[in-house]
Amino acid sequence: MKPRVRFAPSPTGFLHIGGARTALFNWLYARHTGGTFILRIEDTDAARNTQAAVEVILNGLRWLGLDWDEGPLTADATGPGKGERGPYFQSQRGENYKQRVEALLAHGLAYEHEGAVKFKMAREPVVIPDLVVGDVRRELTDREAADPDFVIVRSDGQPVFHLTNVVDDLEMGITHVIRGEDHLSNTAKHIALFRAFGVEPPRYAHIPLILNGDGTKMSKRDQGASLATYMDEGYAPEAVVNYLCLLGWSPKQNREKLPIGEVIERFDLPQILRHNARFDLEKLHWLNYEYLRELPDDRFHELCVHALARAGVDTNAYPVDYVKAALDTCKGKIKLFAELPDYAGFFFREEFTYDTGAAQRDFTAENQPRLLKLRDAFARLTAFDADTIGNTLKAVAQELGVKVGVLVHPTRLACCGTTAGPSLYHLIAVLGRERVLQRLDRALARMG
RNA sequence: GACCCUAUCGUCUAGCGGUUAGGACACUGCCCUUUCACGGCAGCGGCUCGGGUUCGAUUCCCGAUAGGGUCGCCA
């Protein structure tokens, strides 16, 4: 029988990076085994579950490239879905839960208590067979020893997570439950529920959690906990996926960056690590850069424009060809799109301040006549391409008897205001002679 | 408090009784160079602690410690 796995998030308006990895591991397992990846929305909490919140999940998974074989087609709970075991929204499956609870009641496996329904839990340890951790024998906690029974239907008639989760897994034919380790303790309840329904529980694989860089639990509020951050800031989804694969799983053979197809080939449940992993933003940045430099030009430009717009830099005021030429000088240079406004902002604004330390060092009275000579050489040029500009600068430096760096640094500062940026000769060519001369004049004025 | 999981450089990891404990990110230095970045070279840095088992433990067992998780009419 082909595996059937599911990702079953609750729409809270937020897709946690840990949730994204859980979805990824489920998807990888399905793709590796030729099984089925199901998306089920656990929207039993009507108060906070909105269509917009479902949208966040669907968009996140689509962005990551995790396509589902069964599940909703839209964020509308009453809308269409694909697959034979729907509906895939728990809010639409009330009748299923009701029937299951009645069956439990009829068999004396559950009972009413203060308007709620409680499940009669055995007062003995449960062994949880886990594909990642191994057999886990879970003893009762002191509170459970006092009263092991738990609520499956609230007094307001709403079914509780433990029940809906198990009923759906059962009715959707889930064979492997791959989820965060935070569910491991609860699994005893779930196994008991499956048995009460007269079926053997699915196979379990509890994957370790993702922690903050400092080892604390990564919660909603923590920096980088939301997948939306990476979507908004222009990370390459392939990089995020690749990085997530490396947390709690290893492709071995000293591999780090590898295409998703290869991950699918190599991925399997028993090889998942058992310990939690800390989220290392630096390493994600490195991987992101690795993918960024391979991005097709169109996609790179699109993400650049988006990043600049977010920083309040409007590229629409400039000709399309100019924008493209300007951005081309940044490709292979920036690690993150968030760096772009500082790195290339000078292309899109005429007023900017100079880096203070560099201005003190480079905008000297001594450099003034040198820069002036370069300015005049530029002014006489008939061609204004990168090669010509470079050769001109070198020639002027030679005439002056100074190293090229003596001219390069003040020129860069005059044109960009910064000490780091794209190739100087290329950036000058893109800016165009007129603006370069203006910028040199502006700098010269304060060097006297 | 009870119960459960975990433990290799700062971080992610390879290792599955005998290895100079390997790689990646980060960091440091050098080279390349029009800045930065890339690239190349070199360096720094690790088996949590005690007991066993064994000829021999990073590796197997037990304990401690530490970190994480769970004990809801949240999911």
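Residues numbered from 1 in each chain as written. Chains lettered and ligands numbered in written order. Predicted model: local features only at pLDDT ≥ 70, side-chain atom pairs only at ≥ 80, totals over all residues. Heavy atoms only, no water.

Draft legend 1. Region of interest: the overall build of chain A. Within chain A, the regular secondary structure consists of 19 helices and 13 strands. Computed over the C-alpha atoms, the radius of gyration of chain A is 30 Å, more than 25% above the 22 Å expected from 2.2 N^0.38 for a compact globule of 448 residues. If you line up chain A on its principal axes, its C-alpha atoms span 100 × 45 × 40 Å. Per-residue burial for chain A yields a buried fraction of 51% across its 448 residues. When contacts within chain A are restricted to residue pairs at least 6 apart in sequence, those whose partners lie at least 24 apart make up 73%. A total accessible area of about 20900 Å² is found for chain A, and carbon and sulfur atoms account for 49% of it. (Helix = DSSP H or I, 4+ residues; strand = E, 2+ residues; numbered from the N terminus. Rg over C-alpha atoms; globule rule 2.2 N^0.38 Å. Buried < 20%, exposed > 50% of the residue type's maximum accessible area, 1.4 Å probe, protein only. Contact = heavy atoms within 4.5 Å. Areas by Shrake-Rupley, 256 points an atom, 1.4 Å probe, with all protein chains shown as cover.)

Draft legend 2. Broad picture of the pairing of strand β10 (residues 176-180). The element β10 is extensively covered by neighbouring structure, given that 5 of its 5 residues are classed as buried. Bridge count for β10 against strand β11 (residues 203-207) is 5 bridges, and the pairing is parallel. The partner of His176 across the bridge, within β11, is Arg203. Running through helix α6 (residues 187-196), the crossover from β10 to the neighbouring parallel element β11 is right-handed. (Pairing = 2+ DSSP bridges. Right-handed = clockwise from strand over helix to strand, strands pointing away.)

Draft legend 3. Here's a closer look at the confidence of the model for chain A. Chain-level pLDDT for chain A is 93 on average; 99% of the residues reach the 70-or-more range. Interface predicted TM-score (ipTM) for the complex: 0.94; the corresponding pTM is 0.92. (pLDDT = per-residue confidence, 0-100.)

Draft legend 4. Structural detail: the pattern of salt bridges. Taken as a whole and judged by the stated rule, the model has 29 salt bridges. Where Asp169 meets Arg6, a salt bridge forms, and the shortest distance between an N and an O atom there is 2.8 Å. Residue Asp169 is located in helix α5 (residues 161-171), and its partner Arg6 is located in strand β1 (residues 4-7); the two are separated by 163 residues in the primary sequence. Of the two residues, Asp169 and Arg6, neither departs from the other in class, the shared state being buried. Each member of the salt-bridge network shares a partner with another, and the members are Arg6, Arg40, Glu42, Arg93, Arg100, Asp168, Asp169 and Glu171. (Salt bridge = Lys/Arg side-chain N within 4 Å of Asp/Glu carboxyl O.)

Draft legend 5. Just the sheet that holds strand β5 (residues 110-113), in detail. Spatial ordering of the open sheet is given by β5-β6-β9, a layout of 3 strands whose pairing is antiparallel. Looking along the sheet, the strands with just one partner apiece sit at the ends: β5 and β9 (150-153). When strand polarity is set aside, the average angle formed by the axes of neighbouring strands in this sheet is 45°. As paired strands, β5 and strand β6 (residues 116-119) are joined by 4 bridges and run antiparallel to one another. Each bridged residue has a counterpart across the sheet, and for Ala110 the counterpart in β6 is Phe119. (Axes fitted to C-alpha atoms, helices over the stretch in contact; angles between N-to-C directions.)

Draft legend 6. Inspection of helix α8 (residues 237-245) at higher detail. Counted residue by residue, α8 has 8 buried out of 9 residues, so it is predominantly covered. Pro237, Ala239, Val240, Val241, Asn242, Tyr243, Leu244 and Cys245 are the residues of α8 that are buried.

Draft legend 7. Geometry of unusual backbone geometry. The omega angle of the peptide bond from Gly86 to Pro87 is -5°, so this bond is cis rather than trans. Secondary-structure assignment places Pro87 in the loop between β4 (81-82) and α3 (94-106). Even without being glycine, Lys252 reaches a positive phi, approximately 65°. Secondary-structure assignment places Lys252 in the loop between α8 and α9 (260-266). Under the relative-accessibility criterion, Lys252 is labelled exposed at 52%. Residues other than glycine seldom take positive phi values, yet Asn254 does so here, at roughly 60°. Topologically, Asn254 is positioned in the loop between α8 and α9. Overall, Asn254 belongs to the exposed group, its relative accessible area being 78%.

Draft legend 8. Seen up close, the state of the cysteines. On inspection of all chains with the given rule, the structure shows 0 disulfides. Free cysteine: Cys330, not disulfide-bonded; nearest cysteine sulfur from Cys304 at 6.4 Å. Since its relative accessible area comes to 0%, Cys330 is described here as buried. (Disulfide = S-S within 2.5 Å.)

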